[in-house]
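So the chains spell out like this:
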Amino acid sequence: PRETLADLGIAYWKLDAEAFNYPVKSIPWDPSDAVDPDLVKIRDERGYSYADIITVHPDHLPEFDDKIKAFFTEHIHDAEEIRYILGGSGYFDVRDKQDKWIRIHIKAGDLMTLPEGIYHRFTCDSDEYIHAMRLFKGVPVWTPINRPCEDHESRTSFVEKYLTTTTTTATSSQDL
């Protein structure tokens, strides 16, 4: 459930992605161009200053199979990961407090943040299509740091902030 995800530092919003038009690909995309008032509010409250838009699909992403394999390798980032799903769907898997996978089915309109240092991976669902906006605070960071990386500063910070507090019972596979 959402409480389990919130306990791991994951934030979630549901927006109306179909009400607004976005390009198939735009690197970069200026978040100040947002006309969706809900996205504008989140952007301003959280300080997102850079964005891009990508479409993960064999017709739109060069080296699709290799990229999907890389996305599905368990990793962390040294910055918060923000994804707003504009179309299609896929799965983010994150590790819970017992180091078990939680599967999050993300769909059009879902905006989700993963905190810096959380182990995660991503894959498309059977349609092999997801259209997403990636938002950033400051300079964009795309570099994955593959597991194991327990000594990385971002991982140790995540563990200290989210995993050494009161634990919540969770199952290994849950959908939002």
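Here's a quick rundown of the structure. From a predicted model like this one, the values you see are computed outputs, not experimental measurements. (Residues numbered from 1 in each chain as written. Predicted model: local features only at pLDDT ≥ 70, side-chain atom pairs only at ≥ 80, totals over all residues. Heavy atoms only, no water.)

Moving on to unusual backbone geometry. The phi angle of most residues is negative, glycine excepted, and most peptide bonds adopt the trans form. Each neighbour pair has its own omega, and for Ile 27 with Pro 28 the value is 0°, a cis peptide bond. Among the structural elements, Pro 28 can be located in strand β2 (residues 26-29). With omega at 10°, the peptide bond leading from Arg 147 into Pro 148 counts as cis. Mapped onto the elements, Pro 148 comes out in the loop between β10 (145-146) and α4 (153-163). Unlike most non-glycine residues, Glu 63 shows phi in positive territory, near 55°. (Helix = DSSP H or I, 4+ residues; strand = E, 2+ residues; numbered from the N terminus.)

Here we come to α4. All buried positions along α4 are accounted for by Ser 154, Arg 155, Phe 158 and Tyr 162. Down the axis of α4, the smallest arc covering the buried residues is 95°, so these residues share one side. Across from the buried face of α4, at angles greater than 90 degrees, the exposed residues are Glu 153 and Glu 160. Contacts from the buried residues of α4 go to α1 (2-7) and β4 (75-76). (Buried < 20%, exposed > 50% of the residue type's maximum accessible area, 1.4 Å probe, protein only. Arc of directions from axis to C-beta. Contact = heavy atoms within 4.5 Å.)

Of all seven residues in strand β3 (residues 50-56), seven are buried; the element is thus mostly enclosed. Here β3 shows two buried faces, one formed by Tyr 50, Asp 52, Ile 54 and Val 56 and the other by Ala 51, Ile 53 and Thr 55. Across two bridges, β2 lies against β3 in antiparallel orientation. Bridge pairing in β3 links Trp 29 to Ala 51. (Pairing = 2+ DSSP bridges.)

By the definition in use, this model includes six aromatic pairs. Between Phe 92 and Phe 122, the aromatic rings sit 5.2 Å apart at their centres with planes inclined by 55°, giving tilted as the arrangement. Linking Phe 92 in strand β5 (residues 81-95) with Phe 122 in strand β8 (residues 120-124), this pair joins segments that are 30 residues apart in sequence. Three or more aromatic residues joined by ring pairs make a cluster, and in this case those are Tyr 22, Trp 29 and Tyr 84. Just above the ring of Trp 101 sits the side chain of Arg 121; from NZ or CZ to the centre is 3.9 Å. One cation-aromatic arrangement involves Arg 147 over Tyr 119; the distance from NZ or CZ to the ring centre is 4.1 Å. (Phe/Tyr/Trp six-rings, centres within 6.5 Å; stacked < 30°, edge-to-face > 60°. Lys NZ or Arg CZ within 6 Å of the ring centre and 35° of its normal.)

Moving on, we come to the nonpolar core. In this structure, Ile 10, Val 56, Val 94, Ile 104 and Ile 106 are the most contacted members of the largest nonpolar core, which totals 23 residues. Looking at this core, the elements with two or more residues in it are β3, α3 (64-72), β5, β6 (101-107), β7 (110-114), β8, β9 (130-136) and α4. Core analysis: the next-biggest nonpolar cluster, separate from the first, contains 16 residues, Tyr 22, Leu 39, Ala 51 and Met 133 among them. (Core = buried A, V, L, I, M, F, W, Y, C linked by side-chain atoms within 4.5 Å.)

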